[in-house]
Amino acid sequence: MTFQVPSQGFTPIERIIANDPGGRGIAPLVRPGELHDAAELLIATRSVLIVTGFFIPAGGACETDGPPGAWALGDALASLGIEVGYVTDAACLPVLGGAGMTPLIEYDPNLLTRHKPTALVSIERVGRAADGKYYNMRGKDIGAFTAPVDDMFLQANAAGIPTIGIGDGGNEIGMGNVRELVAANIKLGPTIACVVPTTHLIVAGVSNWGAWGLVAGLSLLCGRNLLPTVEQARRQLDAIVAAGAVDGVTARPEATVDGLSWERQEAILRSLLSIVQGITTE
Ligand code: ZN
Ligand code: ZN
């Protein structure tokens, strides 16, 4: 089923997800239209690998930004009949596995040739900087806890397989599209800016919000609400925390994301739900 969508339906979504409560200065990195183009790309594809998992050394685990968004996007794609797999590395695997995100695939260098996905999505996954190292937002080298999963995106870009990056800090896969802007606008930008580009880049105040925004965009394109309910989203976050995830800012094992309360997350999801429910038929 296709559905005629007024393209301005995407503008309010872009505005909601660009909310920048952390004051990171992401506004200049936002490219209007990218959300729409990414949604259009995904709705016509067959098989997607979703990469997520950002390791927080101070918490000894994967952070709470990334997996919830990946899960929501995976559920939405699966309900459209698109094949989905979640990819992360050994350091973040216990959280995704413990939460019950399936099918779960541990990264290895031959993944792309073995799985032959028709698109790749990265949600809050660190990518290499200009010096080849992996930096967190504080400028700390986290290479010891990070497999070169971004290499799969370089391979895909070279092979003509479309890629989508979702990030919120400038150091994530996809930020190669706007690396000069990251260098100019983000704290420690010249050091941490990821150089790995993607076909489309979605920049959000919190990466989970970018993923929800993409699901909202898919919902507009297919005329069906594919977003999680508030209860589902909370259950998924709780499962991710129960599996050991920590907040990326506080490093504490709590149901907060980037130091922001659940209420802040819920408010963003409710805003997206109200847009989608106003336009879709179901
Ligand atoms: Zn980030
Ligand atoms: Zn984040």
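Chains are numbered independently. Their residues run from 1 in the order of the written sequence. Chain letters and ligand numbers both follow the written order, the letters beginning at A and the numbers at 1. Owing to the predicted nature of the model, reporting of local features is limited to residues with pLDDT of at least 70; listing and counting of side-chain atom pairs is limited to 80 or more, with chain, interface and lining totals taken over all residues. Each side-chain value is worked out from all heavy atoms of the structure, with water and hydrogens disregarded.

Asks: Can you help me understand the coordination of the zinc ion (ligand 2) in this one?
Replies: In an ideal octahedron of six donors the angles at the metal are 90 or 180 degrees, and in an ideal tetrahedron of four donors they are 109.5 degrees. Atoms of type N, O and S within 2.8 Å of a metal are treated as its donors, and for Na, K and Ca the window is 3.2 Å; water is not considered, so some sites may appear to be missing partners. For the zinc ion (ligand 2), the full set of protein donor atoms is D65 (OD), D168 (OD) and D258 (OD), and the range of their distances to it is 2.0 to 2.2 Å. Read in sequence order, the donor residues for the zinc ion (ligand 2) give the motif D-x102-D-x89-D. Separating the zinc ion (ligand 2) from the zinc ion (ligand 1) is a distance of 3.7 Å, and D168 supplies a donor atom to each of them. Placement of the pair is D65 in the loop between strand 3 (61–62) and helix 3 (67–79) and D258 in the loop between helix 10 (230–242) and helix 11 (262–279), with a sequence separation of 193 residues. The rule is simple: take the accessible area with a 1.4 Å probe, protein chains only, and divide by the maximum for that residue type; under 20% is buried, over 50% is exposed, in between is partly exposed. Residue D65 is classed as buried on the basis of its relative accessible area, which comes to 0%. For D258, a relative accessible area of 11% corresponds to the buried category. Under the scheme used here, helices are H or I runs from DSSP no shorter than 4 residues and strands are E runs no shorter than 2 residues, and both carry numbers assigned from the N terminus.

Asks: Help me out: how do you make sense of the coordination of the zinc ion (ligand 1) in this one?
Replies: In the first shell of the zinc ion (ligand 1), the protein supplies E124 (OE), E124 (OE), D168 (OD) and E172 (OE), at 2.1 to 2.6 Å from the metal. Between the 4 donor atoms coordinating the zinc ion (ligand 1), the angles at the centre fall across 54 to 124°, so the site counts as irregular. Within one chain, the residues donating to the zinc ion (ligand 1) are spaced in sequence as E-x43-D-x3-E. Site shape is set this way: if four donors have all angles between 85 and 135 degrees, tetrahedral; if opposite donors are over 155 degrees apart and all others between 65 and 115, square planar for four donors and octahedral for six; otherwise irregular.

Asks: Would you explain helix 6 (residues 150–159) in this entry?
Replies: Residues separated by three or four positions in an α-helix point in the same direction, a consequence of the helix having 3.6 residues per turn. Within the span of helix 6, buried status applies to D150, M152, F153 and A156. The buried residues of helix 6 occupy an angular sector of 145° when projected down its axis, which confines them to one face. Opposite the buried face of helix 6, at more than 90 degrees from it, the exposed residues are A158 and A159. By definition, residues are in contact when any of their heavy atoms lie within 4.5 Å. Looking at the packing, one finds that the buried side of helix 6 touches strand 1 (47–52), strand 4 (83–88), helix 5 (111–115), strand 6 (119–123) and strand 7 (163–167). What the arc describes is the spread of directions from the helix axis to the C-beta atoms.

Asks: Teacher, can you tell me more about the layout of surface pockets here?
Replies: Gaps left between atoms show up when a probe the size of a water molecule is rolled over them. Each pocket or cavity is described by its volume, and for the largest pocket that value is around 510 Å³. Around the largest pocket, the lining is made up of 24 residues, and of these R24, M137, R138, G248 and V249 lie nearest the centre. A cavity here means a set of points on a 1 Å grid, drawn over the protein atoms and nothing else, where a 1.4 Å probe fits but cannot get out; a pocket is an open set with protein on both sides within 12 Å along at least five of seven lines, and a residue lines either one if it has an atom within 4 Å of a point. Grid points are joined across faces, edges and corners, and a volume is the space filled by probe spheres set on the points.

Asks: What exactly am I supposed to notice about the packing of helix 3 against helix 10 here?
Replies: The description of two helices packed together rests on the angle between their axes and the distance between the axes. Put simply, helix 3 and helix 10 touch, their axes get as near as 9 Å, and they point 130° apart. Relative to helix 10, the element helix 3 is oriented oblique. Note that helix 3 runs across helix 10; the crossing there is right-handed. Together, P67, P68, W71, A72 and D75 of helix 3 and Q236, L237, A239 and I240 of helix 10 make up the contact between the two elements. Classifying every residue of the contact of helix 3 with helix 10 gives 7 nonpolar, 1 polar and 1 charged. Every angle, taken between N-to-C directions, lies between 0 and 180 degrees, and every axis is a line fitted to C-alpha atoms, over only the stretch in contact when it is a helix. For this classification, under 35 degrees means roughly parallel, over 145 means roughly antiparallel, 65 to 115 means roughly perpendicular, and everything else is oblique. Left-handed describes a crossing in which the near helix is turned anticlockwise from the far one by less than a right angle; the clockwise case is right-handed. Lys, Arg, Asp and Glu make up the charged group, whereas Ala, Val, Leu, Ile, Met, Phe, Trp, Tyr, Cys and Pro make up the nonpolar group; the residues left over, Gly among them, are polar.

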